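Okay, here's what each chain looks like letter by letter:
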Amino acid sequence: MPPPAPPFPPDAVVFDLDGLLVDSEDAWARASRRVVEDLGGCWQDAVHRRLLGSGPAEAARIVAGYLGGGHDPEAVAARMLAAAEAEFANGLVARPGALALVRALHGRLPLGVATNSVRVLAERALESVALSSWFETLVCADDVAAPKPAPDPYLLACANCDARPGRSVALEDSPAGSHAAQRAGLWVIGCPSLPGVVLPAADVVVASLADVDAAVLAP
């Protein structure tokens, strides 16, 4: 199968972070499980799938709703952040093909990251895989009024890259993220981080970032 090729020379390429560039979904799952169990709940893998790609506030609402019993979403959010920080402190690794693709594109066109993670965790994740200095912009949940699936993170990332959204490419692993990129007008390459995840908003889907050819995105 030929590598995915957008129908235009891109102004910029914008990456998601968790589950796409960085293999952090297991860390997020462990953190979420710890919070659920500490608050008396029984962890189910289906909860993690519901959390995939969600912003901090939405994730806390999902967990609070799952637990029931009137748990305060703000208190749950604080617990989830602390648990995630503890997991991220153990270090993370890059997803297959991520480092090679970013480094091959660097300097050929503007690169950005648009994530639903908060900045403290996003910066720690990029530092863990030695990618902190490779992007023109890092847009986090802290930076926008509405996180994914709203288009705001991708619109801001494109603006920071001086790029037209309709002439830019997004790479995403989650339904929420791919919908956000589509709504912003970007051409979307989907790369699911979990088996069975469907990305209907993606223009093309690949199994790994290793399947994406930098020469096609930046000819």
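Going by the structure above, here's the rest.
Residues numbered from 1 in each chain as written. Predicted model: local features only at pLDDT ≥ 70, side-chain atom pairs only at ≥ 80, totals over all residues. Heavy atoms only, no water.

### Looking at the overall build of the protein chain
- Helix and strand content of the protein chain: nine helices and six strands.
- Over its C-alpha trace the protein chain gives a radius of gyration of 17 Å, about what one expects of a compact globule, namely 17 Å for 219 residues.
- Evaluated residue by residue, the protein chain yields a buried proportion of 52% over its 219 residues.
- Considering only intrachain contacts with a sequence separation of at least 6, the fraction spanning at least 24 residues in the protein chain is 68%.
- In the protein chain, the 16 positive side-chain charges and the 26 negative ones have mean positions that sit 2 Å from each other. (Helix = DSSP H or I, 4+ residues; strand = E, 2+ residues; numbered from the N terminus. Rg over C-alpha atoms; globule rule 2.2 N^0.38 Å. Buried < 20%, exposed > 50% of the residue type's maximum accessible area, 1.4 Å probe, protein only. Contact = heavy atoms within 4.5 Å. Lys, Arg positive; Asp, Glu negative; His and termini not counted. Charge placed at Lys NZ, Arg CZ, Asp CG, Glu CD.)

### Observations concerning the side chain of D16
- Counting through the fold element by element, D16 comes out in the loop between β1 (13–15) and α1 (25–38).
- Those residues in contact with D16 that sit more than four places away from it in its chain are L21, A114, T115, K148, Y154, L171, E172 and D173.

### Focus on the packing of aromatic side chains
- This structure, assessed with the given rule, holds one aromatic pair.
- Centre to centre, the rings of F15 and F135 are 6.0 Å apart; their planes meet at 70 degrees, and the pair counts as edge-to-face. Placement of F15 in strand β1 and of F135 in the loop between α6 (119–128) and β3 (137–139) is noted, with a sequence separation of 120 residues between them. Judged on exposure class, the residue F15 and its partner F135 are both buried. (Phe/Tyr/Trp six-rings, centres within 6.5 Å; stacked < 30°, edge-to-face > 60°.)

### So, the pattern of salt bridges
- All told, the structure shown has ten salt bridges when counted by the stated rule.
- R164 is the partner of D11 in a salt bridge, and the nearest nitrogen-oxygen pair spans 2.7 Å. Residue D11 is found in the segment before β1, and its partner R164 is found in the loop between α7 (152–160) and β4 (169–172); the two are separated by 153 residues along the sequence.
- Salt bridges sharing partners connect three or more residues here, namely D16, K148 and E172. (Salt bridge = Lys/Arg side-chain N within 4 Å of Asp/Glu carboxyl O.)

### Details of α1
- Given a rise of 1.5 Å per residue, 14 residues ought to cover 20 Å, and the 20 Å separating the end C-alpha atoms of α1 matches this to within 8%.
- Within α1 the residues assigned to the buried category are E25, A27, W28, A29, A31, S32, V35 and V36.
- After α1 finishes, the residue G40 shows a positive phi value of roughly 90 degrees. (Expected span 1.5 Å × (residues − 1).)

### Overview of unusual backbone geometry
- Here the amide bond leading from K148 into P149 is cis, since omega sits at 15 degrees, within 30 degrees of zero.
- Within the secondary structure, P149 sits in the loop between β3 and α7.
- Phi is positive for A130, which is not a glycine, with a value near 60 degrees.
- Checked against the element boundaries, A130 lands in the loop between α6 and β3.
- By relative accessible area, which is 48% here, A130 ends up partly exposed.
- At D162, a position not held by glycine, the phi torsion is positive, near 55 degrees.

### As for the sheet that holds strand β5 (residues 187–190)
- Strand order in the open sheet formed by six strands is β3-β2-β1-β4-β5-β6, and the pairing between neighbours is parallel. The sheet is open, and its two borders are formed by β3 and β6 (204–205), each paired with just one other strand.
- When strand β2 (residues 111–114) meets β3, the two strands line up parallel, connected through three bridges. Pairing of G112 across the sheet is with T137, part of β3.
- Contacting β1, β2 and β4, helix α5 (residues 98–105) crosses the sheet at an angle of about 150 degrees to β1. (Pairing = 2+ DSSP bridges. Axes fitted to C-alpha atoms, helices over the stretch in contact; angles between N-to-C directions.)

So far we have only geometry, and geometry alone does not tell us how the molecule works.
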